[in-house]
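Fold and contact review
Each chain is listed here by its residues.
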Amino acid sequence: MRLVAEAFAKVNLSLVVLGRRTDGFHELDTVFQAVGLADRLSFEESDGLALSVDDPSIPAGAENLVLRAARALAEEAGVKARAAITLEKRIPAGGGLGGGSSDAAVTLLALSALWEIDVSLERLARIGAALGSDVPFFLHGGTAHGLGRGERIEPLPDLPPRGVVLVMPPFPVATPDVFRQLGAPVRDTAATEVPRDGAVPDRNDLEPAAEALFPALRGIREALGAAGATQARLSGSGSTVFGLFPDLSGAAEAARRLEGLPTGAVVRVVPTLTREECRVRSGPRRAE
Ligand code: C5P
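Here we summarise the structure given alongside this text.

Analysis parameters
Throughout, a residue's number is its position along its own chain's written sequence, starting from 1. Local features in this predicted model are restricted to residues of pLDDT 70 or higher, and side-chain atom pairs are both shown and tallied only at a pLDDT of 80 or more, whereas totals for entire chains, interfaces and linings draw on every residue. Computation of side-chain values covers all heavy atoms of the structure but excludes hydrogens and water. Helix and strand labels come from DSSP, where a helix needs a run of H or I of at least four residues and a strand needs a run of E of at least two; each type is numbered from the N terminus. Only protein chains enter the area calculation, which uses a 1.4 Å probe; residues under 20% of their type maximum are buried, those over 50% are exposed, and those in between are partly exposed. Only the protein chains shown count as cover for residues, and the accessible areas themselves come from Shrake-Rupley with a 1.4 Å probe. Under the counting rule used here, the positive set is Lys and Arg, the negative set is Asp and Glu, and His together with the chain ends is not counted. Where a charge lies is defined by one atom per residue type: Lys uses NZ, Arg uses CZ, Asp uses CG and Glu uses CD. Strand pairing is assigned whenever DSSP detects at least two bridges linking the two strands. Axis angles are defined between N-to-C directions and span 0 to 180 degrees, where every axis is a line fitted to C-alpha atoms and, for a helix, only to the segment in contact. For this analysis, residues touch if any pair of their heavy atoms sits within 4.5 Å. Within this document, salt bridges are pairs made up of a side-chain nitrogen of Lys or Arg and a carboxyl oxygen of Asp or Glu, the two lying within 4 Å of each other. These descriptions rest on fixed angle ranges, namely under 35 degrees for roughly parallel, over 145 for roughly antiparallel, 65 to 115 for roughly perpendicular, and the rest for oblique. Handedness of a crossing follows from how the near helix is turned relative to the far one, being left-handed for an anticlockwise turn of less than a right angle and right-handed for a clockwise one. When residues are sorted by character, Ala, Val, Leu, Ile, Met, Phe, Trp, Tyr, Cys and Pro go into the nonpolar class, Asp, Glu, Lys and Arg into the charged class, and all the rest, Gly among them, into the polar class. Both cavities and pockets are sets of points on a 1 Å grid over the protein atoms alone; in a cavity a 1.4 Å probe fits but cannot get out, in a pocket the set is open with protein on both sides within 12 Å along at least five of seven lines, and lining residues sit with an atom within 4 Å of a point. Grid points are joined across faces, edges and corners, and a volume is the space filled by probe spheres set on the points. Classification of ring pairs rests on two measures: the distance between centres of Phe, Tyr or Trp rings, Trp counted by its six-membered ring, which must be within 6.5 Å, and the angle between planes, read as stacked under 30 degrees, edge-to-face over 60 and tilted in between. We count a charge as sitting over a ring when the NZ of a lysine or the CZ of an arginine lies within 6 Å of the ring centre and within 35 degrees of the ring normal.

**Overview of the overall build of the protein chain**
Within the protein chain, the regular secondary structure consists of nine helices and eleven strands. A principal-axis box enclosing the C-alpha atoms of the protein chain has dimensions of 55 × 45 × 35 Å. A total of 288 residues make up the protein chain; the buried ones form 51% of that total. Summing over all exposed atoms, the protein chain offers an accessible surface of approximately 12700 Å²; the carbon and sulfur share of this is 51%. Separation of charge centres in the protein chain, based on 31 positive and 37 negative side chains, amounts to 1 Å.

**A short note on the sheet that holds strand 10 (residues 266-271)**
Within a sheet, adjacent strands bond to each other through the backbone by hydrogen bonds, running parallel or antiparallel. One open sheet accounts for four strands, arranged 8-9-7-10; its pairing is antiparallel. Whereas interior strands pair on both sides, the edge strands pair on one side only; in this sheet they are strand 8 (231-234) and strand 10. Strand-to-strand, the axes of this sheet are offset by a mean angle of 20°, without reference to chain direction. Contacting strand 7 (163-168), strand 8 and strand 9 (241-245), helix 7 (residues 216-226) crosses the sheet at an angle of about 10° to strand 9.

**Side note on the pattern of salt bridges**
Scanning the model with the defined rule gives 19 salt bridges in all. Between D205 and R203 there is a salt bridge; the shortest N-O distance is 2.9 Å. In this structure, R221 and E207 form a salt bridge, with 3.3 Å as the shortest nitrogen-oxygen distance. Of this pair, R221 sits in helix 7 while E207 sits in helix 6 (residues 207-213), and the two are 14 residues apart along the sequence. Across the pair, E207 and R221 agree in class, each one buried. Because the salt bridges share partners, they merge into one network encompassing D202, E207, E211, R221 and R233.

**Here we look at the environment of I85**
Structurally, I85 is set in strand 4 (residues 83-88). Overall, I85 belongs to the buried group, its relative accessible area being 1%. Through-space distance from the C-alpha of I85 to that of G128 is 18 Å; in sequence the pair is 43 residues apart. The contacts of I85, once residues within four sequence positions are left out, are L41, S42, F43, L49, A50, L51, S52, V66 and L111.

**A word on the packing of helix 1 (residues 65-77) against helix 3 (residues 121-131)**
In contact at an axis separation of 10 Å, helix 1 and helix 3 are set at 135° when each is read in the N-to-C sense. Here helix 1 lies oblique to helix 3, going by the angle between them. Two packed elements cross with a definite hand, and for helix 1 against helix 3 that hand is right-handed. From helix 1, L65, R68, A69, A72, L73 and E76 reach across to helix 3, where they touch R123, L124, R126, I127, A130 and L131. Classifying every residue of the contact of helix 1 with helix 3 gives eight nonpolar, no polar and four charged.

**As for the layout of surface pockets**
If you add up the space inside the largest pocket, you get close to 1200 Å³. Along the wall of the largest pocket there are 47 residues; nearest its centre are S101, D134, T175, P176 and S237. Secondary structure elements with two or more residues in the lining of the largest pocket: strand 1 (2-20), strand 2 (26-44), helix 2 (99-114), helix 3 and helix 5 (175-182). Residue classes in the lining of the largest pocket are distributed as 20 nonpolar, 19 polar and eight charged.

**Things to note about the packing of aromatic side chains**
The geometry of an aromatic ring pair is captured by two quantities: the separation of the ring centres and the angle between the planes. Per the counting criterion, the structure on display carries four aromatic pairs. Consider the rings of F32 and F137, whose centres lie 4.6 Å apart with planes at 20°: the pair is stacked. Here F137 lies in helix 4 (residues 135-140) and F32 lies in strand 2, a separation of 105 residues in the sequence. Both residues of the pair, F32 and F137, count as buried. Aromatic pair F171 and F214: ring centres 5.0 Å apart, planes at 15°, arrangement stacked. Note that F171 is positioned in the loop between strand 7 and helix 5 and F214 in the loop between helix 6 and helix 7, a separation of 43 residues in sequence. Looking at F214, the relative accessible area reads 25%, which means it is partly exposed. By way of ring pairs, the aromatic residues F8, F32, F137 and F138 are connected into one cluster. One Lys or Arg, R149, reaches over the ring of F25 and ends 4.9 Å from the middle of that ring.

**Considerations on the pairing of strand 1**
For strand 1, the buried fraction is high: 17 of the 19 residues fall into the buried class. Here strand 1 pairs with strand 2 via 17 bridges, running antiparallel. Paired with N12 across the strands is F32, a residue of strand 2. Here strand 1 hands over to strand 2 after five residues, with G24 in that stretch at a positive phi of 90°. Examined bridge by bridge, strand 1 and strand 11 (residues 285-286) share two bridges and lie antiparallel to one another.

The values reported here are purely geometric and, on their own, carry no functional implication.
Printed below as a string of structure tokens:
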């Protein structure tokens with residue numbers, strides 16, 4: 001049997017850093033939004049565990065989150081990790097779009113099906129959280145609040161569909177470098193300032209730190225604003241900068257205006273995805 005699934009990307013509509021924790025992570029309050037750019041994975045029964053990746057810049061060894069997810073699931077379920085996995089990368093690594101975490105989440109879902117093991121979503125989220133702070137979001141999809149390290153997910157209602165312009169610079173950003181540059185958090189751990197009424201603050205506390213390390217990011221953000229984005233922000237720790245537009249045609253029009261930018265960045269126009277769209281696309285299907 002061969003199963004296929006899509007691993008979609010996310011942007012952070014807002015990202016508030018509440019404080020530094022004793023475990024070296026930061027306490028966050030973030031709003032994740034799934035978007036229609038996706039890696040493709042396939043999973044086939046096999047004697048051992050192997051991963052092949054079409055992008056030579058992505059490590060395909062034991063440190064790859066797909067293989068780490070497969071091993072962690074096998075251990076949790078007490079089965080042998082047996083699968084031949086292929087990964088077609090469309091989400092750039094180091095882009096702040098959660099590609100590796102999304103691949104890991106899809107791997108947990110697909111291998112649970114391939115190995116016919118009954119693991120609840122809560123258990124998968126626990127395994128996922130140990131692999132990366134963003135993994136539980138990708139088991140959820142749509143729009144969601146991320147608390148704690150970002151791994152504690154609270155559902156939010158789906159946003160009305162929007163067009164999104166993703167501007168993906170030709171350089172990756174290492175998340176720990178940006179948190180280090182951030183230094184002392186902007187505020188204390190008291191979460192009271194963050195609205196709980198569904199209003200999403202237009203803010204990413206990692207943006208000034210990332211822009212200090214990579215000054216080109218600021219020019220991209222300003223260009224997206226000038227092209228009419230209702231919101232133009234860094235996604236996560238970057239390097240992707242995204243612009244929100246009321247619809248896809250507005251986003252496409254803005255993307256044409258950005259083509260002249262001398263950044264070497266790849267510009268993509270994608271829709272936001274609802275929770276149901278994510279469930280359908282990342283749930284594994286049998287390949288013919
Ligand atoms: O959890 P994840 O592997 O995505 O985190 C990558 C790095 O980003 C961590 O090692 C840490 O340096 C930083 N990070 C953080 N606080 C978070 C999430 C990530 O400091 N909430």
